[in-house]
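Structural characterization, general
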Amino acid sequence: MRAVREAERRIWETETTKTYTALAGDPAFADALIPLVLGPAVPRDQVAAVATPGGTGAVRQGLELIRMLNPGATVWVPDPTWPNHVSILRHLAIPHRAYRYFDEATRGVDRDGMLADLSAVAAGDVVLLHGCCHNPTGADPDQATWEAVSALLRGRGALPFVDLAYLGFGAGLEADAQATRRLAAEGDCLIAVSCSKNFGIYRERTGLLMAVARDAATARLAQGNLAHLNRQNYSFPPDHGARIVATILSDADLRRDWETELADVRRGMEALREALAAELRRLTNSDRFDFLRHHRGMFSRIGATPQQVERMRADHGIYMVGDGRINIAGLNARTVPLLAQAMVEAGL
Ligand code: PMP
């Protein structure tokens, strides 16, 4: 992104040392990113935070924190979820269970199934939620569902763990943060933030794990635990991407430019969604693919069976993962009609 290039130039010109930062990373990074995510929802001194290698690192450190402090807790993940969630849980031998999330018929959120399954969580259990732009389905809960989920988890004494990897890719920076802010305003929670996509700095490995506590003293304890976990796993987290993010967010011009470019990226994905849904509407004379317009972020699960995925590959040379997840951002004006045609011919 333009702002990233400019921030790197400034860093190159002004950086005088490559000494270690702190176990939690450069405090300027957390101080810049926390308000972007939480806004005024929580006082700063109630938030513990450590920089991590990407959002994956933040997820991993959050799960390690849970295992260290509450080894009996079950971690609940949506079905489906980003496969690495389950893989890390298995790797850490943390007990975990899935809750219903996706309605294959409507290709939206299975609100009733989700609430029914989550009503079985025990006090101290952890519930992993995608803050926005659910990967792999593209289906996000509406506001009423978020409120119901939040009330349910608080009522049962469960800990929400929000994975926020696509802030700004859904409906905009503020809108995409709303669900996370509500959960954080209502009590303890963990939040794993990735800067890989919204800053386009994938390989720099830039993430932040936040622990929101109910008071400043608990946040200080959490800060110590998180720094300890960083120390055990890699000592100091990567700094270059974190420095880019802090530079951009703390400079008015760079920040404006980044927000503009991010909004352009988001609108580009929205336009592709609209175009694909419109083409499918035209070809099928039905609105059954309108879910594509309602999905958010890079991904959509289009509801193809493994056989239909195979047909699109064999007959049209169109490749997608076996569960029918596509990356909307991988399309363009030329390929949208080709995909739509292939979907219809494959019998979707
Ligand atoms: N969570 C989710 C839901 C993701 O989709 C991803 C990236 N695919 C991540 C976390 C981690 O991203 P990264 O480690 O590249 O920052």
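Just so it is clear, the structure is predicted and the values come from calculations on it, not from any experiment.

Parameters at a glance
Residues numbered from 1 in each chain as written. Predicted model: local features only at pLDDT ≥ 70, side-chain atom pairs only at ≥ 80, totals over all residues. Heavy atoms only, no water. Helix = DSSP H or I, 4+ residues; strand = E, 2+ residues; numbered from the N terminus. Rg over C-alpha atoms; globule rule 2.2 N^0.38 Å. Buried < 20%, exposed > 50% of the residue type's maximum accessible area, 1.4 Å probe, protein only. Contact = heavy atoms within 4.5 Å. Lys, Arg positive; Asp, Glu negative; His and termini not counted. Charge placed at Lys NZ, Arg CZ, Asp CG, Glu CD. Near = heavy atom within 4 Å. Polar contact = N/O pair within 3.5 Å; in protein donor to acceptor, adjacent residues only side chain to side chain. Areas by Shrake-Rupley, 256 points an atom, 1.4 Å probe, with all protein chains shown as cover. Nonpolar A, V, L, I, M, F, W, Y, C, P; charged D, E, K, R; others polar. Pairing = 2+ DSSP bridges. Axes fitted to C-alpha atoms, helices over the stretch in contact; angles between N-to-C directions. Parallel < 35°, antiparallel > 145°, perpendicular 65-115°, else oblique. Left-handed = near helix turned anticlockwise from the far one by under 90°. Phe/Tyr/Trp six-rings, centres within 6.5 Å; stacked < 30°, edge-to-face > 60°. Lys NZ or Arg CZ within 6 Å of the ring centre and 35° of its normal. Domains from an automatic or database assignment. Buried area = accessible area lost by both parts, 1.4 Å probe.

Thoughts on the overall build of the protein
The secondary structure content of the protein amounts to 13 helices and 11 strands. The C-alpha atoms of the protein give a radius of gyration of 21 Å, which matches the 20 Å a tight globule of 348 residues would have. Dimensions of the protein along its principal axes, counting C-alpha atoms only, are 60 × 50 × 35 Å. Split into buried and exposed, the 348 residues of the protein put 52% on the buried side. Here the analysis covers contacts within the protein between residues at least 6 apart in sequence; of these, 75% occur between residues at least 24 apart. In the protein, the 39 positive side-chain charges and the 41 negative ones have mean positions that sit 2 Å from each other.

What about the site of the ligand?
Around the ligand, the surrounding shell consists of Gly 54, Gly 55, Thr 56, Trp 82, Asn 135, Asp 163, Ala 165, Tyr 166, Ser 194, Ser 196, Lys 197 and Arg 205. Between Ser 196 and the ligand, the recorded distance is 2.6 Å, taken from a side-chain N or O atom to an oxygen atom. One nitrogen or oxygen atom from the side chain of Lys 197 is found 3.2 Å from a nitrogen atom belonging to the ligand. Against a free-state accessible area of 400 Å², the protein chains account for coverage of 89% of the ligand. Sorting elements by how many residues they give to the shell around the ligand places helix α3 (residues 54-69) first, with 3 residues. Residues that form the shell around the ligand fall into these classes: 3 nonpolar, 6 polar and 3 charged.

Some thoughts on the side chain of Arg 266
Structurally, the position occupied by Arg 266 is in helix α10 (residues 252-284). Leaving out residues up to four positions away in the same chain, Arg 266 has contacts with Gly 168, Phe 169, Gly 170, Ala 171 and Gly 172.

Considering unusual backbone geometry
Omega for the bond connecting Asp 79 with Pro 80 falls within 30 degrees of zero, at 5°, which places this linkage in the cis form. With respect to the helices and strands, the residue Pro 80 is situated in the loop between β2 (75-79) and α4 (83-91).

Here we look at the sheet that holds strand β1 (residues 47-52)
Sheet strands pair via backbone hydrogen bonds, and the direction of the pair is either parallel or antiparallel. With mixed pairing, the 7 strands of this open sheet are ordered in space as β1-β9-β8-β7-β6-β2-β3. This sheet does not close on itself; its edge strands, each paired only once, are β1 and β3 (96-100). Each adjacent strand pair in this sheet contributes to an overall mean axis angle of 25°, direction not counted. As defined by bridge partners, strand β6 (residues 126-130) adjoins strand β7 (residues 159-164) across 5 bridges and the pair is classed as parallel. Directly across from Leu 129, in β7, lies its bridge partner Val 162. Along the sheet, helix α6 (residues 143-156) contacts β6, β7 and β8 (189-194); its crossing angle with β6, the most-contacted strand, is approximately 165°.

Things to note about the packing of α3 against α4
Between α3 and α4, the shortest axis-to-axis distance is 11 Å and the interhelical angle comes to 40°. Relative to α4, the element α3 is oriented oblique. Seen from above, α3 lies across α4 with right-handed handedness. Between α3, through Thr 56, Val 59, Arg 60 and Leu 63, and α4, the contact on the second element is made entirely by Asn 84, His 85, Ile 88, Leu 89 and His 91. Of the residues that constitute the contact of α3 with α4, the class distribution is 4 nonpolar, 4 polar and 1 charged.

Topic: the packing of helix α1 (residues 2-14) against helix α9 (residues 240-249)
At a minimum axis distance of 9 Å, the contact between α1 and α9 shows a crossing angle of 105°. Regarding the angle of α1 to α9, the classification is roughly perpendicular. In this structure, α1 uses Ala 3, Val 4, Ala 7, Glu 8 and Ile 11 to contact α9, whose residues at the interface are His 240, Arg 243, Ile 244, Thr 247 and Ile 248.

A word on the packing of aromatic side chains
By the definition in use, this model includes 5 aromatic pairs. Ring geometry for Tyr 20 versus Phe 236: centroids 4.3 Å apart, planes at 15°, classification stacked. Within this pair, whereas Tyr 20 is found in the loop between α1 and α2 (27-38), its partner Phe 236 is found in the loop between α8 (216-233) and α9, the two being separated by 216 residues in sequence. For Phe 236, a relative accessible area of 24% gives the class partly exposed. Relative to Phe 299, the ring of Tyr 166 lies with its centre 6.0 Å away and its plane at 85°, an arrangement referred to as edge-to-face. Separated by 133 residues along the polypeptide, Tyr 166 in the loop between β7 and α7 (173-185) and Phe 299 in strand β10 (residues 299-301) bring together distant segments of the chain. Residue classification places Tyr 166 among the buried positions, given a relative accessible area of 7%. The buried category is assigned to Phe 299, whose relative accessible area is 9%. Counting every residue linked through ring pairs, the aromatic cluster contains Tyr 166, Phe 169 and Phe 299. The residue whose ring lies beneath Arg 325 is Phe 299, and the NZ or CZ to ring-centre distance is 4.0 Å.

Looking at the domain arrangement of the protein
Examined at the domain level, the protein breaks down into domain 1 (2-250) and domain 2 (255-346). Every contact between the two is made by 28 residues of domain 1 and, on the other side, 24 residues of domain 2. Here domain 1 meets domain 2 over a buried area of about 2300 Å², counting both sides, of which 57% is carbon and sulfur. Broken down residue by residue, the surface that domain 1 buries against domain 2 is led by Arg 2, Arg 107 and Phe 169, which jointly contribute 30%.

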